[in-house]
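# Observations on chain architecture
Here is what each chain is made of, one letter per residue.
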Amino acid sequence: MERAEGTRGRSVYGLNVHGLDDVDELPAYDDTLPDQIPVHVRQVSEGPVPEPVPMTDRYGVWVMPSGRTFVADRDRGTATYHGEPVPPDVLAHPYLAPVATVFNRWAGRDTFHSGAFVHAGVAWAVIGPRTAGKSSLLAALATRGVPVLSDDIVVLDAERVCVGPRCVDLRQPVPGVDPVRRTVRFGSRLRVPLPPAPARTPLGGWLFLHWSDEVSMRQIPGPELLTRLAAARSWSWLTSDPTAVLGIAALPAWDLGRPKDWSALDRTWRLLDGNLTAARAAEIPA
């Protein structure tokens, strides 16, 4: 793998990322994690741009919605962005997400477009379509002192959630959320900083977000959850073990509904806290 002399990189999303030492939102290198996947991320603004190639188990070229071209090379351990360079805040999020997805999927790990937070010592993954309020919920939880592990991608390493960049990006301000934030991603988001979090946290279960008239939680039965998780895998066209989701599909899961009303955040947290505490208590022997 190519890397700059003398640098140890950053430990994020289960990877040992080189080339992004100037990206402040990425956790520092953690030498206690021997299972990190090394990858060098770089930007190339000149020269020929590779033609698109479907992603295989070793190599692929993907044209992004922005028009830039992403090239992932497993043998070289490189992830290259061709086109006009983007600033460090964009590399932290969302441009690190494809890198995390493809290199972890190549290693046999599951990845989901999801956030995650810690409650009662375990991680809860938060899945929802765009505009489902995932980031606003996570930012509100962080303000309440709840550790947030990731805002964008959940990487599972042996059913443990790997820590992501230390930020949550919002489309609009959330009442009560720490006002210490800055505009990022070409002015399209407000970035809320997150404190350090554990590098690996055991997965406790799943939350699927949707908007509703009332704050509510409905437990999802196992067969339904298995179908949802199989469909929610990031970049599902990559080769994967179809039985790998069986273990994580046995964990508790809920549909979480809440109205598009900031005043409902407190009620949402109270309901979450009660149900997750009860679920955790049921798993731990007296």
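Above this text you will find the structure in question.
Procedures and definitions
Counting starts from 1 at the beginning of each chain's written sequence and moves along it residue by residue. Restriction of local features to residues with pLDDT of at least 70 applies here, the model being predicted, together with a cutoff of 80 or more for giving and counting side-chain atom pairs; totals for whole chains, interfaces and linings are based on all residues. Working from all heavy atoms in the structure, the side-chain values ignore hydrogens and water. Secondary structure counts use DSSP, requiring at least four H or I residues in a row for a helix and at least two E residues in a row for a strand, with both numbered from the N terminus. Only buried residues count toward a nonpolar core, which is a set of Ala, Val, Leu, Ile, Met, Phe, Trp, Tyr and Cys residues joined through side-chain atoms within 4.5 Å. We call a residue buried when its accessible area falls under 20% of the maximum for its residue type, exposed when it is over 50%, and partly exposed in between, using a 1.4 Å probe and counting protein chains only. Contacts are residue-level and defined by heavy atoms, with any inter-residue pair within 4.5 Å sufficient. Salt bridges are defined by distance alone: a side-chain nitrogen of Lys or Arg within 4 Å of a carboxyl oxygen of Asp or Glu. Two strands make a pair as long as DSSP finds a minimum of two bridges between them. Geometry is summarised by axes, namely lines fitted to C-alpha atoms with helices restricted to the contacting stretch, and by angles between N-to-C directions that run from 0 to 180 degrees. Each Phe, Tyr or Trp ring, with Trp reduced to its six-membered ring, pairs with another whose centre is within 6.5 Å; inter-plane angles below 30 degrees give stacked pairs, above 60 give edge-to-face pairs, and intermediate values give tilted ones. To sit over a ring, a charge needs its Lys NZ or Arg CZ within 6 Å of the ring centre and within 35 degrees of the ring normal. Cysteine sulfur atoms that pair up within 2.5 Å are treated as a disulfide.

### A look at unusual backbone geometry
With an omega dihedral of 20°, the bond running from histidine 93 to proline 94 counts as a cis peptide bond. The backbone phi angle of threonine 131 is positive, close to 70°, even though this residue is not glycine. Its location among the elements puts threonine 131 in the loop between strand S8 (122-127) and helix H2 (134-143).

### Comments concerning the nonpolar core
Residues Phe70, Leu96, Val99, Val102 and Phe103 are the most contacted members of the largest nonpolar core, which totals 33 residues. Among the elements of the structure, strand S2 (15-18), strand S3 (37-44), strand S5 (69-73), strand S6 (78-82), helix H1 (88-106) and strand S10 (153-157) are those that each provide at least two residues to this core. Per-element tally for this core: the top contributor is H1, with eleven residues. Sequence-distant contacts of phenylalanine 103, defined by excluding residues within four places in its chain, comprise Leu15, Ile37, Val39, Ala72, Asp73, Arg74, Gly77, Thr78 and Ala79.

### A few points about the pattern of salt bridges
Tallying each qualifying case throughout the model produces 19 salt bridges. Note that aspartate 157 and arginine 160 form a salt bridge whose closest N and O atoms lie 3.3 Å from each other. Its relative accessible area of 31% is what places arginine 160 among the partly exposed residues. With a closest N to O distance of 2.8 Å, arginine 218 and aspartate 255 form a salt bridge.

### Here's the deal with the side chain of histidine 82
Relative to the helices and strands, histidine 82 is located in strand S6. Taking the relative accessible area as the measure of exposure, histidine 82 reaches 12% and is therefore buried. Those residues in contact with histidine 82, other than ones at most four positions away along the chain, are Val44, Pro48, Val49, Pro50, Arg68, Thr69 and Val71.

### Section: the sheet that holds strand S14 (residues 189-193)
Read from one edge to the other, the open sheet built from three strands follows the order S12-S14-S13, with strand pairing classed as antiparallel. In this open sheet, the two strands that pair with only one neighbour each are strand S12 (167-170) and strand S13 (182-184). Shown here is a sheet whose adjacent strand axes are inclined to one another by a mean of 40°, direction ignored. Bridge count for S13 against S14 is three bridges, and the pairing is antiparallel. Paired with valine 184 across the two strands is arginine 189, which belongs to S14. Helix-sheet contacts for H1 involve S12, S13 and S14, and the interaxial angle to S14 is about 85°.

### Quick word on the sheet that holds S2
Read from one edge to the other, the open sheet built from six strands follows the order S1-S2-S3-S6-S5-S4, with strand pairing classed as mixed. The open sheet terminates on both sides in strands that have one partner only, identified here as strand S1 (10-12) and strand S4 (59-63). For this sheet, the mean angle separating the axes of adjacent strands, direction not counted, is 25°. When S3 meets S6, the two strands line up parallel, connected through five bridges. The partner of arginine 42 across the bridge, within S6, is threonine 80. Against the sheet, H1 touches S1, S2, S3, S4, S5 and S6, its axis set at about 35° to S5.

### A closer look at the packing of aromatic side chains
Going through the model one piece at a time under the given rule, you end up with seven aromatic pairs. Arranged with centres 5.0 Å apart and planes meeting at 75°, the rings of phenylalanine 103 and tryptophan 106 form a pair that is edge-to-face. Of the two residues, phenylalanine 103 and tryptophan 106 both sit in helix H1, three residues apart, roughly one turn of that helix. Given the relative accessible area of 8%, tryptophan 106 is considered buried. Aromatic rings pair up to connect Trp62, Phe70, Tyr81, Tyr95 and Trp235 into one cluster. A cation sits over an aromatic face here: arginine 258 above tryptophan 211, 4.2 Å from the ring centre.

### What to know about the state of the cysteines
Inspection of the entire model under this criterion finds zero disulfides. Cysteine cysteine 162 remains unbridged, with the sulfur of cysteine 167 as its closest cysteine sulfur at 17 Å. Residue classification places cysteine 167 among the buried positions, given a relative accessible area of 2%.

### So, the pairing of S3
As paired elements, S2 and S3 share four bridges and run parallel to each other. Counterpart to asparagine 16 in the pairing with S3 is proline 38.

### Observations regarding H2
A large share of H2 lies buried, amounting to eight of its ten residues. Taken residue by residue, H2 has Lys134, Ser135, Ser136, Leu137, Leu138, Ala139, Ala140 and Leu141 as its buried positions. Once H2 finishes, glycine 145 follows within two positions and takes phi at roughly 85°, a positive value.

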